[in-house]
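So you can see what is in the structure, the chains are spelled out below.
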Amino acid sequence: MKKACKNIISYTLLSLGAAVMLLPFIWMLVTSLKTPAEAIVIPKMWLPKTLQWTNYVQAWHAAPFARYYLNSLLVTSVTTLGQLFTSILAAFAFTHLQFYGRRTLFAVLIALMMVPGELLLIPNFVTLAHLHWIDTYAALIVPWLASIFTMFVLRQAFQAQPRSTYYAARIDGANDWQYLWHILVPANRTTITAVAVLQIIGSWNSFMWPLIVTNSDRLRTLPVGLTAFTSEVGTNYPLLMAATLFVILPLLVLYLLLQKYIIAGITKADLKG
Amino acid sequence: MQVKLQDIKLTYEKHHNIFERLNCTFNDGELVALLGPSGSGKTTMLNLIAGLLTPTTGKILFNESDVTKQDVRARNIGMVFQDYALYPHLSVLDNIAFPFKMAHVKKSARRKQAQKLAKLVHVETQLAKLPRELSGGQQQRVAIARALAKDPAILLLDEPLSNLDATLRIELRDEIRRIQQTTGVTTVFVTHDQSDALQIADKIIVLANGQIQQIGTGTELYHHPHNLFVAQFVGTPKINLIPIAEFKPYITPTIPDDILVKATTIGIRSEAVSLNSIEQPVIAKIPAIIEKQNQFGREIRTHICFQTSQLISTAISETTASSQAISVYVLAKGCYLFNRDGECIWAGDEHD
Amino acid sequence: MINAKPTLKSTFKALLYLAPLLIITLVFTIWPLISSFLMSFYTKYNYFTNKVSALGGANFVYLWHDPDFHLAVRNTLIFVVIVVPVTVLLSLGIALLLNRINRLASFFRTIYFLPFVTSTVAIALVWNWIFHYNHGLLNQLLSCFGVHPIDWLNNPRYSLIALIIVCIWRELGFNIILFLAGLNNIDRRYYRAASVDGASSKQQLTNITWPLLTSTIVLVTVNAIITSFKVFDQVFALFHGTAGPANADLTMMYYLYQKFYVENQYTVAAASGIVLFGFIAIVTILACWYFRRHAKLLGGNQL
């Protein structure tokens, strides 16, 4: 009896919390389907009389969202792939190759992981300015092509791979490069997917950096484009909410599909170190 | 192919002098077992042949050509690891075909060859499965097939049977023998279990503390152990050991005095402890007490107390009498004398 | 291979594998780290020519006397002091609840984690709409309880609270996941042993869960401290590119952004970055030290 009572309390609290968590999403969705008048009417109504799907079409054309999408897709995919590539190579070197100063170099990199990225903002901006990279795709991508965090997670995974697999592959005639790409990487695809998904989330949602290094509309990524859009639509909240949904939707879908990888990625990264 | 280890010395990291001066030859087409307790250096020896370890000094010769500095990839060996080391993301077929792939064999050709090998090790019905979907024995077979894929000059097996249950172990033991005889490949396998070695090997190398104790067939090791270690390690039940001082008063004058003086321990095989002499040479008649008898499969093990020592005999048939003072014959055949350094200085069956 | 020692050749090969990561890290992490320290001491700096004509502590003196910076520090500290404990406690509570229910646990987990995968900027815009004075959902809901409408976004008294609500809402999910992982790492056998020994569920919480969870609590706390100190995106989007009414939501990061990007005072901005870094480092070390001491008292595992 006591246990049942406790359970009821637990579920009630959790449901209440979940409602609070979901509220902004639901409110965004319903607002995006209202007319501007319906959106501001008091008392609030939850559902509009007719669903205004045209809001999405209107919002889509009100700003170059197609362009923003392409930019976000390009930046996210190139940074993610690039980061995986550099991290996989480095993680392999740290786990499978012999070289002088291996421990020291690794310790230095781990220490760097604790430096807040924001501290590097200004000097990086200056560097890019001197390279004449401001307002180019390179500025959006190149500085993010290396992630010590990703390298660290992959190193942990590569380290856990039984050594015998490596020796077996070498005996079977594979060189290091072949072993890496034919065996090690495919055998660790779960971990690689996990870090890749975390990177996609970070890259897709990143705001301050693209805001600072881009000036022109044609280079804006979705989040930056969205904030620019707010000043244009003013108080047309249904349009604004529709546009917000554009930004959020791809990652929501990705999250629901790859949930287990994301959670694995977070727990692996933070607790196994 | 003939493999020769010449004056091998090996020292690395915290392991000082794993081998001081190791010399050993594996002949072409032989099935050789490396037998020894854990930590004796068996796997290390295998890794040296494979090229996974480089000796500090000394030479490794394949058919008289020096491969000491040669990379693993160039050595043309096949190796099966204790954990099988199958590639977890590849199917059975792709696992077996991997060496062909690395050798740039065309896809259709390598599939065909891999299928042929799968047939040889009897996994041809499992080709599409992933390693984790296979039983331990099947994984072992796949690993052997993959090791054979390169048509290796020598096949190395590291504890191939230790992860298997008893029935499977016996089955695979014979399987390894069969495959070895079919292919004729020089094969070295590491084991800590004497029954594996005795059952299938042409030749057994007994290793302990980084030193070769003895090389020989199972019969030779059992009947002519070179030292105390081999005598103790080979044979079940374990050989009975008695300090010579306790035993001396009962010894018949069959053993020359000059040898007896040097001996410190006498080793007696369980079958040499008998209630009657059955017209065989006897070296002693000792007073003893039967403590208990156990049926151990086909044989009966009789625990006997002689002074401070416990002896086991397998040559006494079932008696009802226990805790009974009796006289026991110790037959010459199956008796060995060891000196202070553990060397065997006298064996009973050499003097029939 | 097993006993291979590094040689010049193998080092060269390893460098080839490391080069892509090292070059990027060198140019975009190590160099800027040094450079931002140096830059904070430049007093006369021409960014176009990258010429430094004078060095000194003038930038820090400037910050010391700048009322805006004082405001930024004050706001950030208030923000951190409220957000960190609330986030940690709430997420711990939710994680404990999620851990004890059998059904729907993963469903709830999915929902609580949703904010983390959504763009901060985008969802802050939604919150901006929810906080709207006349037409916002929140005031509407509050009026059901007889609360007068609050001007969340334009009244300096409430705008920091609005920011705090948004940030806690967003950070919860991530911390819940960390706590759940920490709880999962605790061996079930301890609980079984404790029940056999007759420990009540409350005793189990204080005697098993709490001490064994210490390292996770430290992790979550430190992570929350670092994230909270650096809050920027939410401010920018919630107040449409301003720092809130009467700078009521001016955080240190926003101050840095403003000095750097709007006013082009690079060296002052760099100095404020160093101060921010200093704050984060000190608070993180204090938190670690505090927990370490208490972990010992609780008899928990050493960190």
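Residues numbered from 1 in each chain as written. Chains lettered and ligands numbered in written order. Predicted model: local features only at pLDDT ≥ 70, side-chain atom pairs only at ≥ 80, totals over all residues. Heavy atoms only, no water.

## Comments concerning the overall build of chain A
Just so we agree on the cut-off: Starting at the N terminus, helices and strands are each numbered in turn, a helix being any DSSP run of H or I of at least four residues and a strand any DSSP run of E of at least two. For this measure, only C-alpha atoms enter the radius of gyration; the expected value for a globule follows 2.2 Å times N^0.38, where N is the number of residues. By definition in these notes, contact holds between two residues if any of their heavy atoms fall within 4.5 Å. Computed by Shrake-Rupley with a 1.4 Å probe, the accessible areas treat only the displayed protein chains as cover when residues are assessed. Under this rule, positive means Lys or Arg and negative means Asp or Glu; His and the chain ends count for nothing. Just so you know, the charge point we use is NZ for Lys, CZ for Arg, CG for Asp and CD for Glu.
Helix and strand content of chain A: 14 helices and zero strands. Walking chain A from its N terminus toward its C terminus, one meets helices and strands in the order α-α-α-α-α-α-α-α-α-α-α-α-α-α. A compact globule built from 273 residues would reach a C-alpha radius of gyration of about 19 Å, whereas chain A, at 24 Å, exceeds it by more than 25%. For chain A, the spread of C-alpha atoms along the three principal axes comes to 75 × 70 × 35 Å. For chain A, the proportion of contacts with a sequence separation of at least 24, taken over those separated by at least 6, is 73%. For chain A, the accessible area works out to roughly 11200 Å², and carbon and sulfur atoms hold 69% of it. Positive and negative side-chain charges in chain A, numbering 18 and 8 respectively, have mean positions lying 14 Å apart.

## Looking at the interface of chain C and chain A
Counted only if it meets this: By convention, the term buried area covers the 1.4 Å-probe accessible surface removed from two parts as they join, with the contributions of both added. For this document, the term salt bridge refers to a Lys or Arg side-chain nitrogen within 4 Å of an Asp or Glu carboxyl oxygen.
Counting from both sides, the interface comprises 95 residues of chain C and, opposite them, 96 residues of chain A. Counting each side, the surface lost to burial between chain C and chain A is near 8600 Å², with a carbon and sulfur contribution of 78%. Looking only at chain C, the three residues that lose the most surface to chain A are Y17(C), F28(C) and W129(C), adding up to 10% of its buried area. The partner of D176(A) in a salt bridge is K13(C), and the shortest N-O contact between them spans 2.4 Å.

## Some thoughts on the interface of chain A and chain B
We count it as follows: Polar contacts, as used here, are pairs of N or O atoms within 3.5 Å; protein pairs need one atom able to donate a hydrogen and one able to accept it. Residues neighboring in sequence count only if both atoms are side-chain atoms. For this scheme, ten residues count as nonpolar: Ala, Val, Leu, Ile, Met, Phe, Trp, Tyr, Cys and Pro. Four count as charged, namely Asp, Glu, Lys and Arg, and the remainder, Gly too, count as polar.
Each side of the interface is counted separately: chain A has 19 residues, and chain B has 20 residues. Summed over both partners, the interface of chain A with chain B comes to about 1700 Å²; 65% of that surface belongs to carbon and sulfur atoms. When residues of chain A are sorted by the area they lose upon contact with chain B, R170(A), I171(A) and D172(A) head the list and together hold 38% of the total. If you look at where chain A meets chain B, you find two salt bridges. In this structure, R170(A) and D71(B) form a salt bridge, with 3.3 Å as the shortest nitrogen-oxygen distance. Remark: the boundary between chain A and chain B carries eight residue pairs in polar contact (both at pLDDT 80 or more). Listed by contribution, the elements that provide at least two residues to the side of chain A that touches chain B are α9 (163-171) and α10 (176-187) of chain A. Considering each element in turn, the side of chain A that touches chain B owes the most residues, seven residues, to α9(A). For the side of chain A that touches chain B, the class distribution of residues is nine nonpolar, seven polar and three charged.

## A short note on the packing of aromatic side chains
All names here are of chain A. Stated formally: Aromatic rings from Phe, Tyr and Trp, taking only the six-membered ring of Trp, are treated as a pair when their centres fall within 6.5 Å; an angle between ring planes under 30 degrees marks them as stacked, one over 60 as edge-to-face, and anything in between as tilted. When a residue's accessible area, from a 1.4 Å probe over protein chains only, is under 20% of the maximum for its type it is buried; when over 50% it is exposed; and in between it is partly exposed.
Going through the model one piece at a time under the given rule, you end up with 50 aromatic pairs over all chains. Relative to Y68, the ring of F65 has its centre 5.5 Å away and its plane inclined at 85°; by these criteria the two rings are edge-to-face. Of this pair, F65 and Y68 both sit in helix α4 (residues 65-96), three residues apart, roughly one helical turn. Neither F65 nor Y68 differs from the other in exposure class; each is buried. Taking 6.1 Å as the distance between ring centres and 65° as the angle between the ring planes, the aromatic pair formed by Y69 and W204 counts as edge-to-face. Highlighted residues: Y69 in helix α4 and W204 in helix α11 (residues 189-205), separated in sequence by 135 residues.

## Things to note about unusual backbone geometry
For the bond running from T236(B) to P237(B), omega is -10°, close enough to zero to count as cis. Summarising the element assignment, P237(B) is placed in the loop between α8 (228-233) and β11 (240-243). With a phi angle near 55°, N247(C) is a residue other than glycine that sits in the positive phi range. For N247(C), the position within the fold is in the loop between α11 (233-238) and α12 (252-262).

## Here's the deal with the pattern of salt bridges
For the coordinates displayed, the defined rule picks out 19 salt bridges over all chains. In this structure, R146(B) engages D172(A) in a salt bridge whose closest nitrogen and oxygen atoms are separated by 3.4 Å. A residue pair is termed interchain when its members come from two chains, as with R146(B) in helix α4 (residues 136-148) and D172(A) in the loop between α9 and α10. Take R146(B): its relative accessible area is 2%, and that puts it in the buried class. Residue classification places D172(A) among the buried residues on the basis of a relative accessible area of 5%.

## Here we look at the sheet that holds strand β3 (residues 31-35) of chain B
All names here are of chain B. Heads up, the condition is: Pairing between two strands is assigned when DSSP locates at least 2 bridges connecting them. As a rule, the C-alpha atoms of each element are fitted with a line to give its axis, helices using only the stretch in contact, and angles between N-to-C directions run from 0 to 180 degrees.
With respect to topology, six strands assemble into an open sheet ordered β6-β7-β8-β3-β9-β10, the strand pairing being mixed. Only two strands of the sheet have a single partner each, and these edge strands are β6 (77-80) and β10 (211-216). Pairs of neighbouring strands in the sheet enclose a mean axial angle of 15°, with direction left out of account. In this sheet, strand β7 (residues 154-158) lies alongside β6 in parallel orientation, the contact comprising four bridges. In the sheet register, I77 faces β7, and the bridge partner there is I154.

## Quick notes on the packing of α4(A) against helix α1 (residues 8-39) of chain C
The condition is simple: Helix crossings are classified by the rotation of the near helix relative to the far one: an anticlockwise turn of less than a right angle makes the crossing left-handed, while a clockwise turn makes it right-handed.
Orientation of α4(A) relative to α1(C), taken along the N-to-C sense of each, is 145°, at an axis distance of 8 Å. For α4(A) against α1(C), the interelement crossing comes out left-handed. Across the interface between the two elements, T86(A), S87(A), L89(A), A90(A), F92(A), A93(A) and F94(A) from α4(A) touch A14(C), Y17(C), L18(C), P20(C) and L21(C) from α1(C). When its residues are assigned to classes, the contact of α4(A) with α1(C) shows ten nonpolar, two polar and no charged.

## Remarks on the UniProt feature "transmembrane region" (unreviewed entry) in chain A
Residue and element names in this part refer to chain A. Defined as follows: UniProt positions are given in the numbering used here, feature names are shortened, and annotations may be inferred rather than shown by experiment.
As recorded in UniProt, the feature "transmembrane region" (unreviewed entry) lies at residues 12-30, 68-93, 105-125, 137-158, 179-201 and 239-258. Secondary structure across residues 137-158 comprises 73% helix and 0% strand; the distance between its end C-alpha atoms is 32 Å. End C-alpha to end C-alpha, residues 179-201 measures 30 Å, and it is 96% helix and 0% strand.

## Here we look at the domain arrangement of chain B
All names here are of chain B. Basically, it comes down to this: These domain limits were set by an automatic method or by a database of domain assignments.
Each assigned domain of chain B is listed with its residue range as follows: domain 1 (3-232) and domain 2 (237-351). With centres defined by C-alpha atoms, the gap from domain 1 to domain 2 works out at 38 Å. In this complex, domain 1 contributes ten residues to the contact, which on the side of domain 2 involves twelve residues. Summed over both sides, the interface of domain 1 with domain 2 buries roughly 1000 Å², with 55% coming from carbon and sulfur. Summed over the three residues of domain 1 that lose the most area to domain 2, namely Y222, L228 and Q232, the buried surface amounts to 49% of that side. Looking at side-chain class alone, the side of domain 1 that touches domain 2 contains five nonpolar, five polar and no charged residues.

## Digging into the sheet that holds strand β14 (residues 282-296) of chain B
Pairing is antiparallel across the open sheet formed by five strands, whose spatial order is β13-β17-β14-β15-β16 (chain B). The strands lining the two open edges of the sheet, one partner per strand, are β13 (273-274) and β16 (309-313) of chain B.

## Description of helix α9 (residues 201-212) of chain C
Owing to its 3.6 residues per turn, the α-helix aligns residues three or four sequence positions apart on the same side. Selection rule: Helix span, expected: 1.5 Å multiplied by one less than the number of residues in the helix.
Under the 1.5 Å per step criterion, the end-to-end length of α9(C) is 15 Å for twelve residues, consistent within 8% with the ideal 16 Å. Among the residues of α9(C), Q204(C), I208(C), T209(C) and P211(C) are the ones counted as buried.

## Section: a positive patch on the surface
Inclusion rule: Patch definition: residues above 30% relative accessible area lacking any salt bridge, with like charges linked at up to 9 Å and the nonpolar side chains Val, Leu, Ile, Met, Phe, Trp and Tyr linked at up to 5 Å.
On the surface, K2(A), K3(A), K6(A) and R100(C) cluster together into a patch of positive charge. Ranked by residue count, the leading element in the positive patch is helix α1 (residues 2-32) of chain A, at three residues. By the element assignment, K6(A) lies in helix α1.

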